[in-house]
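Now for the letters of each chain:
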Amino acid sequence: MGGEIMKIIKCLFLFLLMYLSNFAQDNNFLGSQTLYVKVDENYTKAPEGFTPFYINHLGRHGARYLSSSKSIDKILNELIEASERKELTPLGEELLKDVLQLKNSEEGKYGLLSQIGKDMEFGIGKRMYKNYPQVFKENREILAEATYVKRTQESMNEFLKTFKENISEDNVKTKINEKVDPILRFFDLNLEYIEFKENGDWKTMLNSFQNRSKIYLEITNRIFKSKDMLSAKNSLKFTTDLYGLYTNQYDIGENVGLSKYFTQEELKYFWANKNLSMYLEKGPSSVGQNLPMDISFALLEDFLSTSENAIKNENIAANLRFAHAETVIPFASLLKIDFASKQTNDLNNVENIWKDYEVSPMGVNIQWIFYKNEKNDILVKMLYNEKEINFPIESNMKPYYKWDDVRKYYEKVINDLKIKKYDTIIDEVKYFKAS
Ligand SMILES: O=P(O)(O)O[C@H]1[C@H](OP(=O)(O)O)[C@@H](OP(=O)(O)O)[C@H](O)[C@@H](O)[C@H]1OP(=O)(O)O
């Protein structure tokens, strides 16, 4: 008899476990809020006789707090109003408490790096210094720049700490760019893109994709007593914003337990929406819609000119740039990096060819490492999040490429854009129209 009861208890326990596991495990489907994964890379040995001498880099800032209080305040207003009207279920009342706890952690730090983000940036910089001592020897110059947004300046400072401890500070030159920044913030300078971001057809495509399911209503039905508390449109907005709060917990190291309000299936729905939104608005976008990536042309020109300058001027060790997801995502697409540049009109296929957590986690970075031999032959390899990747051209010594081949490929990419010339690079970016 006792054995029978034990068997029933075991079955019930397993059933409960299976039911609960349907609810999200922590830190799944975090999209562009995904934390940077520390790299233990066995790098491919450089061809005989070649040593590293220069690094050209672009990085997104490290993990941050919410970029603004907009979404958390909107959620709190809905929940407080419903609570006052006794319209919240017990789960809804619990959610109100959890969101208030999260707001308490976020308050006063919107848009800034978290300690996790600072440690992230410090680690990337430390590994760069450790992996390439030949580059950073003697008193060679490091030229670093950040955007006018504080979190990129914080990232630059954390990244450079190791360098400042080991080489003369006089050789670490930093600058903070103006708000008008054609190289690192082209997305809020180009007039055609500003219009596209606000009113582009990508919004209609995103809306149709979001309407593939009404799964978000299941969440609001668990939180609000009456089904007409929020309209369907507001339910989607409310739950999408709640998903944003869920993802940010891990960037600030403050897990207030928001995963319990989502099932795995619901999380996947919101992640796929945000992934498509980033793809269409900031990434490779739909077939023939090249504007989001093309407006990063000045950054590519800067990569080419600073590389050429460092080859001629032997005193430059590195050019380092600290910016945003909206800087890295289009640039990776313009570089025709395999997993970051494929275009498709099949909205359901986007998540198979482009993943925001691969292309742009917090701290994402692109590094061109330059090597030369005694005959001054120049090779270059590309690292993406410190992992070796291929350039979109052929080489018989991958992941090493002849610099001349890489330079010529990207010079053609720029020429094919048929950029209208103006007196300044600011106007070239501002008035650029995709062909
Ligand atoms: O809606 P959020 O706050 O997530 O969007 C942010 C951008 O974050 P992302 O969604 O790209 O992860 C933020 O980019 P970041 O690299 O600086 O974190 C951007 O600066 C901020 O303006 C928001 O972008 P949006 O497109 O203007 O909503």
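What counts, and where the lines are drawn
- Residues numbered from 1 in each chain as written.
- Predicted model: local features only at pLDDT ≥ 70, side-chain atom pairs only at ≥ 80, totals over all residues.
- Heavy atoms only, no water.
- UniProt positions renumbered as here; feature names shortened; annotations may be inferred.
- Helix = DSSP H or I, 4+ residues; strand = E, 2+ residues; numbered from the N terminus.
- Polar contact = N/O pair within 3.5 Å; in protein donor to acceptor, adjacent residues only side chain to side chain.
- Contact = heavy atoms within 4.5 Å.
- Near = heavy atom within 4 Å.
- Areas by Shrake-Rupley, 256 points an atom, 1.4 Å probe, with all protein chains shown as cover.
- Domains from an automatic or database assignment.
- Phe/Tyr/Trp six-rings, centres within 6.5 Å; stacked < 30°, edge-to-face > 60°.
- Buried < 20%, exposed > 50% of the residue type's maximum accessible area, 1.4 Å probe, protein only.
- Lys NZ or Arg CZ within 6 Å of the ring centre and 35° of its normal.
- Core = buried A, V, L, I, M, F, W, Y, C linked by side-chain atoms within 4.5 Å.
- Buried area = accessible area lost by both parts, 1.4 Å probe.
- Salt bridge = Lys/Arg side-chain N within 4 Å of Asp/Glu carboxyl O.
- Axes fitted to C-alpha atoms, helices over the stretch in contact; angles between N-to-C directions.
- Parallel < 35°, antiparallel > 145°, perpendicular 65-115°, else oblique.
- Left-handed = near helix turned anticlockwise from the far one by under 90°.
- Nonpolar A, V, L, I, M, F, W, Y, C, P; charged D, E, K, R; others polar.

The protein chain is annotated in an unreviewed UniProt entry as Multiple inositol polyphosphate phosphatase 1 from Cetobacterium somerae ATCC BAA-474. What the UniProt record of the protein chain gives under Subcellular location (unreviewed entry) is the line "Membrane". One UniProt comment on the protein chain, placed under Sequence similarities (unreviewed entry), says "Belongs to the histidine acid phosphatase family. MINPP1 subfamily."

Below, the discussion takes up the side chain of K355. Along the chain, the position of K355 falls in the loop between α14 (350–353) and α15 (356–359). Here the side chain of K355 touches N352 through a polar contact of 3.4 Å, landing on its backbone oxygen. Residue contacts for K355: discarding those within four places in its chain leaves W271 and N275.

Before going further, it helps to spend a moment on the site of the ligand. Close to the ligand lie 15 residues, the nearest being S32, R64, S67, H324 and A325. A distance of 2.8 Å separates an oxygen atom of the ligand from a polar atom in the side chain of R60. One nitrogen or oxygen atom from the side chain of H324 is found 2.8 Å from an oxygen atom belonging to the ligand. Contact with the protein chains hides 72% of the accessible area of the ligand, taken as 540 Å² for the molecule alone. Of all the elements in the fold, those that place two or more residues in the shell around the ligand are α10 (264–282) and α13 (325–334). The biggest single contributor to the shell around the ligand is α10, with 4 residues. In this structure, the shell around the ligand is formed jointly by two domains, domain 1 (50–63 + 118–190 + 295–432) and domain 2 (70–110 + 195–282), each of which donates at least three residues.

Here the structure, examined in full by the defined rule, presents 33 aromatic pairs. Residues Y129 and F163 carry aromatic rings whose centres are separated by 5.7 Å and whose planes lie at 85 degrees to one another, so their mutual orientation is edge-to-face. Residue Y129 is found in helix α4 (residues 115–131), and its partner F163 is found in helix α5 (residues 150–166); the two are separated by 34 residues along the sequence. Note on F163: relative accessible area 0%, which makes it buried. When the ring of F391 is compared with that of Y401, the centres are 5.1 Å apart and the planes differ by 80 degrees; the resulting orientation is edge-to-face. One end of the pair, F391, is in the loop between β7 (387–389) and β8 (401–402); the other, Y401, is in strand β8, with 10 residues separating them in the sequence. Under the relative-accessibility criterion, F391 is labelled buried at 4%. Residue classification places Y401 among the buried positions, given a relative accessible area of 0%. Over the aromatic face of F209 sits the side chain of R212, whose NZ or CZ is 3.8 Å from the ring centroid. Against the face of F53 rests K372, its NZ or CZ located 4.7 Å from the ring centre.

To continue, consider α13. Across the 10 residues of α13, 9 count as buried, placing the element largely inside the fold. Where α13 is concerned, the buried positions are A325, T327, V328, I329, P330, F331, A332, S333 and L334.

With an omega of 5 degrees, the peptide bond between K398 and P399 qualifies as cis. Along the chain, P399 falls in the loop between β7 and β8. The backbone phi angle of K86 is positive, close to 55 degrees, even though this residue is not glycine. With respect to the helices and strands, K86 occurs in the loop between α2 (70–84) and α3 (90–106). What makes K86 exposed here is its relative accessible area of 62%. The residue N376 is not glycine, and still its phi comes out positive at about 65 degrees. In this structure, N376 sits in the loop between β5 (365–372) and β6 (378–384).

Okay, the nonpolar core next. In globular proteins that are soluble, nonpolar side chains generally tend to be buried together. Formed by 104 residues in total, the largest nonpolar core has its most connected members in L79, L300, I366, W368 and Y410. In terms of residue count, the dominant contributor to this core is α10 (9 residues). A domain split of this core shows at least three residues from each of domain 1 (50–63 + 118–190 + 295–432) and domain 2 (70–110 + 195–282). One finds Y132, F159, F163 and L383 within the second-largest nonpolar core, a separate group that totals 31 residues.

Right, let's talk about the domain arrangement of the protein chain for a bit. Along its sequence, the protein chain is carved into domain 1 (50–63 + 118–190 + 295–432) and domain 2 (70–110 + 195–282). Distance from the C-alpha centre of domain 1 to the C-alpha centre of domain 2: 34 Å. Listed per partner, the contact involves 17 residues of domain 1 and 13 residues of domain 2. The junction of domain 1 with domain 2 conceals about 1,400 Å² of combined surface from both sides, 62% of it contributed by carbon and sulfur atoms. The largest contributions to the domain 1 side of the interface with domain 2 come from L347, E351 and D356, which together make up 39% of the buried area. The interface formed by domain 1 and domain 2 includes 2 salt bridges. Summed over the shared surface of domain 1 and domain 2, the result is 6 residue pairs in polar contact (both at pLDDT 80 or more).

Take the packing of helix α12 (residues 297–312) against helix α16 (residues 403–415) next. It is the contact of α12 with α16, at a shortest axis distance of 10 Å, that shows an interaxial angle of 150 degrees. As the angle between them shows, α12 and α16 are arranged roughly antiparallel. Helix-helix and strand crossings are classified by hand; for α12 and α16 the assignment is left-handed. Listed contacts from α16 to L300, E301, L304, S307, E308 and I311 of α12 are W403, R407, Y410, E411, V413 and I414. Here the contact of α12 with α16 is composed, by residue class, of 7 nonpolar, 1 polar and 4 charged.

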